[in-house]
Structure formats: C-alpha cells, structure tokens
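Examination of the molecular architecture
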Amino acid sequence: MINAAISHSSLLGDIGLMLTSPIMQRSLIAAILVGLSAPVVGTYLVHRRLAMMGDGIGHIALTGVALGWLVGTWLNLSTPETLAIPGALVVSILGALTLELIRLTGRTSSDVALAILFYGGIAGGVLLIGLAGGTSSQLNAYLFGSIATVTQTDVWATLALATFILAVGVGLAPALHSVCDDEDFARSTGLPVNFLSILIALLAAFTVATAMRVVGSLLVSALMIVPVATAQLLTHSFRATMGTAMLFGVSTCITGLTLTYFYNLSPGAAIVVLAIIIYAAIFALRPLIERARGRRIIAQTSSSTMHPERTGGHQV
C-alpha cells in the first residue's frame, strides 16, 4: 500500500515536471492543435477515397524542407533550417495543387501521380539537403517528428495554420461534404465544385506543414486517416465522424507525446502506433458495441410501444 502510494506520488510529480517544461508545453500545444485539425481534413479525404493524398504530400514536403534549408544556406542565415517549414508549406501547396489538377483533368491516373510524388519527394529531399551542405540524417526530425525542435515560432505558425484549417474545414462542412459525397449533385446545386476540390487539397497541404514538427512528414497521413477510420466504426453520420475523429486525434497526440517524455521514443511513431492500437481494439469490440446498441434500440422501441404517451402518442 505504501509503495503504491509512493509510486503514485512519484508519477504525479513527474507529470508536474513535464507540464512545467517549456519544451513539453510547446509540444503539447502543437500536438493538441494537430490532433484537432488533422482529422478534419482526413474526414474529407476518406469520404473522397483519397486517403493516400496526405501521404503523397507528406513525401513531397520533404523536398520543401531541404529546399528551404538550401535557400537559408544561400542567404547565409545563422540557422539555415529556419526556412525549412516555410519551404515545406510552399512545396506542399504546389504538390497538392498538382495532384488535384491531375485528378480533375484525368490526363494521368491519381495513383501514378501519387507514386511519382512518393519517389520524387524523398529523392529530391536527400539531393537538396546534400547541396545545402547537410546530411540525410538531419532530415530525421522532419521525417518522424521531434519535440525538441518545436520552437515558440513553430507554435504560433501551427496555431495560425490550425485555425485556418478548422475555420474552413468546419465552417464550410456542408458544402465540402456535398462535394465529397457526390460531385455531380453538388455541381447541379450550383456549388463551385472545382474550387472546393482544390480547397480540400490545400487543406491537406496545410495539415502536412502543421503536423510535421509533431509526427513528421512520413506519418502525418496516418494522423489524418486512422482517427477517422476509428470514428467510422462508432458513428453513422458525417458530422459525428468528424467530431469523434477529432476527439481520438487529440487524445492520441497527447498520450503519445506524454509517452515520449518518459521513454526514449519517436513522437510520431508513438502517436501513430497508439492510434492504430485504438483502431484495432475498437474493431475487435465492434460486434459487442453493435449488439449493445441494438438491444438499446429494441428496448426503446418496446418502451414506446407499451407507453405511447411518452413519445407524445394518445391512447384511444
């Protein structure tokens, strides 16, 4: 009993130290923002059957990181990597626009375009970082995330990007959902389908740049897609899926990041593996959940039949 109390007190003390650490404070803020915004975009990508778009943009963003580093070297900046995230954002936007224009014109299949981005993104990043005088190992923080590299400037940039993603993704949800659900119907109602499609692609690019510091460019797509896939196991509507996915996204980011404080783990890997474990657990328990939900619906139906006055009915 005494040992358990001491262990509990020690754990609370460690958590208190973690929350007072400036590095962890910045990282947790960034993780919460990423956990909220990434599943919003992922909801649209999943409904459009473009789950791999985030992965393609994440790969091409690596070229942007190296390009920003190279420009910083040419400008003789004291820390050339200052322009890494801005470079990733610019190249991600260009890559997202290219993918969407290819999809809209239909000149090349989307999977071929994604494959080119996969291979070209990593190859371009390694090539450009070499020209900048760096090494491929310096890209690891951007590939898999690193809480030690999150600066106050990164937090403000993440806040700005996440605010934009949430404002557009949630504020324009009815129109964006209509485009994802049925483009032809959305076009017949007068919605600017091409513009909204490009907007979804841009949101994906912003999400990659937002999440790069926390989970890394190679794993950001998982944070967009896995919480949505998990939410779909429990919900039956678009809005409920998005809200539940955001909840899963925030909880996995905070928990995964906390684990990296106590153990020497990659934050991106810890967050993604935790998200997949949650998905697997809910998938395994889904039959029990559906059975309990069915019993509850039957009980409510029986109660309404036996007591119609509870639902506003009147006995003759």
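Each remark here, short or long, concerns the structure printed above.
One structure accompanies this document, and this report is about it. (Residues numbered from 1 in each chain as written. Predicted model: local features only at pLDDT ≥ 70, side-chain atom pairs only at ≥ 80, totals over all residues. Heavy atoms only, no water.)

A word on the overall build of the protein
Helix and strand counts for the protein come out as 13 helices and 0 strands. Along the protein, from the amino end to the carboxyl end, the secondary structure elements read α-α-α-α-α-α-α-α-α-α-α-α-α. Burial status across the protein gives 45% buried among its 316 residues. Across the protein, contacts joining residues at least 24 apart in sequence account for 75% of those joining residues at least 6 apart. (Helix = DSSP H or I, 4+ residues; strand = E, 2+ residues; numbered from the N terminus. Buried < 20%, exposed > 50% of the residue type's maximum accessible area, 1.4 Å probe, protein only. Contact = heavy atoms within 4.5 Å.)

Here's the deal with the pattern of salt bridges
Throughout the structure, instances matching the rule amount to 3 salt bridges. Between arginine 187 and aspartate 184 there is a salt bridge, with its nearest N and O atoms 3.7 Å apart. A residue pair is termed a helical-turn pair when its members lie 3 or 4 positions apart in one helix, as arginine 187 and aspartate 184 do in helix α9 (residues 183-188) at 3 residues. Via salt bridges that share partners, Arg48, Glu100 and Glu183 belong to a single interconnected network. (Salt bridge = Lys/Arg side-chain N within 4 Å of Asp/Glu carboxyl O.)

Comments concerning the packing of helix α2 (residues 22-47) against helix α11 (residues 220-232)
α11 packs onto α2 with a crossing angle of 70 degrees between their chain directions and a minimal axis gap of 7 Å. Considering the angle they form, α2 stands roughly perpendicular to α11. Counting all contacts with α2, which are made through Val34, Ala38, Pro39, Val41, Gly42, Thr43, Leu45, Val46 and His47, the residues of α11 involved are Leu223, Met224, Ile225, Pro227, Val228 and Gln232. Per-class residue counts for the contact of α2 with α11 are 11 nonpolar, 4 polar and no charged. (Axes fitted to C-alpha atoms, helices over the stretch in contact; angles between N-to-C directions. Parallel < 35°, antiparallel > 145°, perpendicular 65-115°, else oblique. Nonpolar A, V, L, I, M, F, W, Y, C, P; charged D, E, K, R; others polar.)

Focus on the packing of α2 against helix α12 (residues 238-262)
Running from amino to carboxyl end, α2 crosses α12 at an angle of 145 degrees, the nearest separation of the two axes being 8 Å. Here the hand of the crossing between α2 and α12 comes out right-handed. Together, Met24, Ser27, Leu28, Ala31, Ile32, Gly35, Leu36, Pro39, Val40, Thr43, Tyr44 and His47 of α2 and Phe238, Thr241, Met242, Ala245, Met246, Gly249, Val250, Cys253, Ile254, Leu257 and Tyr261 of α12 make up the contact between the two elements. Residues of the contact of α2 with α12, tallied by class, amount to 17 nonpolar, 6 polar and no charged. (Left-handed = near helix turned anticlockwise from the far one by under 90°.)

Considerations on the packing of aromatic side chains
A full pass over the atoms with the stated rule returns 4 aromatic pairs. Their ring planes at 90 degrees and their centres at 5.2 Å tell us that phenylalanine 164 and phenylalanine 206 sit as a pair that is edge-to-face. Residue phenylalanine 164 is found in helix α7 (residues 152-171), and its partner phenylalanine 206 is found in helix α10 (residues 193-215); the two are separated by 42 residues along the sequence. A relative accessible area of 36% means that phenylalanine 164 is categorised as partly exposed. A residue is classified by how much of its surface remains accessible, and phenylalanine 206, at 15% relative accessible area, is buried. When the centroid spacing of 5.2 Å and the interplanar angle of 90 degrees are considered together, the rings of tyrosine 261 and phenylalanine 262 count as edge-to-face. (Phe/Tyr/Trp six-rings, centres within 6.5 Å; stacked < 30°, edge-to-face > 60°.)

Describing the nonpolar core
Side chains of nonpolar character tend, in soluble globular proteins, to be buried together. Residues Tyr44, Leu45, Met53, Ile57 and Met212 are the most contacted members of the largest nonpolar core, which totals 75 residues. The greatest single-element share of this core, amounting to 16 residues, is contributed by α10. Every residue in contact with tyrosine 44, bar those within four places of it in the chain, is listed here: Gly169, Leu172, Ala173, Leu176, His177, Cys180, Ile200, Phe238 and Met242. (Core = buried A, V, L, I, M, F, W, Y, C linked by side-chain atoms within 4.5 Å.)

Observations concerning unusual backbone geometry
For arginine 49, which is not glycine, the phi dihedral falls at a positive 60 degrees. Following the sequence through the fold, arginine 49 ends up in the loop between α2 and α3 (53-74).

Quick look at helix α8 (residues 173-181)
Along α8, the residues classified as buried are Ala173, Leu176, Ser178, Val179 and Cys180. The elements touched by buried residues of α8 are α2, α7, α9 and α10.

With respect to the side chain of histidine 59
Summarising the element assignment, histidine 59 is placed in helix α3. When its relative accessible area of 11% is taken as the criterion, histidine 59 is described as buried. Among all residues touching histidine 59, those that are not within four sequence positions of it are Leu117, Phe118, Gly121, Ile122 and Leu218.

Let's talk about the environment of alanine 281
Relative to the assigned elements, alanine 281 resides in helix α13 (residues 267-306). A sequence separation of 51 residues divides alanine 281 from threonine 230, and the C-alpha atoms of the two residues are 9.5 Å apart.

Description of α10
In this model α10 runs 31 Å from its N-terminal to its C-terminal C-alpha over 23 residues, within 8% of the 33 Å that 1.5 Å per residue would give. Most of α10 is tucked away, with 20 of its 23 residues classed as buried. Directly after α10, the chain includes glycine 216, whose backbone phi takes a positive value near 90 degrees. (Expected span 1.5 Å × (residues − 1).)

Taken by themselves, the reported measurements are silent on function.
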